[in-house]
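# An overview of the molecular structure
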Amino acid sequence: MPIDTTKICTKSQKGFTLIEIMLVIAIMSIFAALVVVSISGVEQRRLMQQRDQLINDLNVVRLESNDQARVYALMTTSASATEPAGYFFAEYTLPQADKDNRGVDKKPVWKAVDSFKTRQFSDGAFLQVRSMENNNQTGAPEGLLDQKSPDLIWFGNGESKPVRLQIIFNEKPVGSPVYVNSIGMVSDTEQGIL
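Quick summary incoming for the structure in this document. Predicted model, so just to flag it, every value in this text is computed and none were measured.

Calculation criteria
- Residues numbered from 1 in each chain as written.
- Predicted model: local features only at pLDDT ≥ 70, side-chain atom pairs only at ≥ 80, totals over all residues.
- Heavy atoms only, no water.
- Helix = DSSP H or I, 4+ residues; strand = E, 2+ residues; numbered from the N terminus.
- Buried < 20%, exposed > 50% of the residue type's maximum accessible area, 1.4 Å probe, protein only.
- Contact = heavy atoms within 4.5 Å.
- Areas by Shrake-Rupley, 256 points an atom, 1.4 Å probe, with all protein chains shown as cover.
- Salt bridge = Lys/Arg side-chain N within 4 Å of Asp/Glu carboxyl O.
- Pairing = 2+ DSSP bridges.

### Let's talk about the overall build of the chain
Each helix and strand in the chain was counted, giving two helices and nine strands. Helices and strands in the chain line up, N terminus first, as α-α-β-β-β-β-β-β-β-β-β. When each of the 194 residues of the chain is scored for burial, the buried share is 30%. Look at the contacts in the chain between residues 6 or more apart in sequence, and 56% of them connect residues 24 or more apart. Split by element, the accessible area of the chain, about 13300 Å² in all, is 56% carbon and sulfur.

What follows is the structure, encoded as structure tokens:
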């Protein structure tokens, strides 16, 4: 039997060319890059919202401290296996006499303030607090400014310990630092302009 060559030549081949496959891979790569940028942008926005919440909390605590003449401090928490890092506010309570009434324990006592919520950061983020002064603060109750005292304290008389606060995420700063000056004002610059 003779072979009919017209049928062999007209039969179309099925499949993709190398150019078509490369074009599909390039389009998929572009979409994957857009998704990654979008996801990282969401995390950055979330961290900036947490920074704004921190600024709002600092202003509320400053006003509350001045209005009520109470000594408040910012306390940071470290990340654990079950909880992310965060912060809360504590109030200074006067040292109490010991059980035998032999004297007063000079160690400051800090108790969490229930009216201020404990805040938590995103996983991988924490708050870095650095003091910006030597411990020669006037108007501070005795024993408040030892080596173990919190870095940020509002003294209830309009004064505070000046500090620089920075949210860190994956070893990189989030936004600009936040400053609290010696009169308790919160700002984005060291000079005190918000």
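### Some details on the pattern of salt bridges
Any two side chains of opposite charge can pair if their charged atoms end up close together. Evaluated as defined, the whole model comprises four salt bridges. The salt bridge involving E91 is made with R70; its shortest N-O contact spans 3.6 Å. Of this pair, E91 sits in strand β2 (residues 86-93) while R70 sits in the loop between α2 (18-68) and β1 (72-77), and the two are 21 residues apart along the sequence. E91 gets classed as partly exposed once you look at its relative accessible area, which sits at 21%. What makes R70 partly exposed here is its relative accessible area of 34%.

### Structural notes on the sheet that holds strand β9 (residues 186-187)
Judged by pairing direction, the sheet is antiparallel, and its four strands sit side by side in the order β5-β7-β8-β9 without closing on themselves. One side of each edge strand has no neighbouring strand; the edge strands of this open sheet are β5 (125-131) and β9. Strand direction decides the pairing type here: β5 and strand β7 (residues 163-169), joined by seven bridges, are antiparallel. Within β7, the position partnered with F126 by the bridge is I168.

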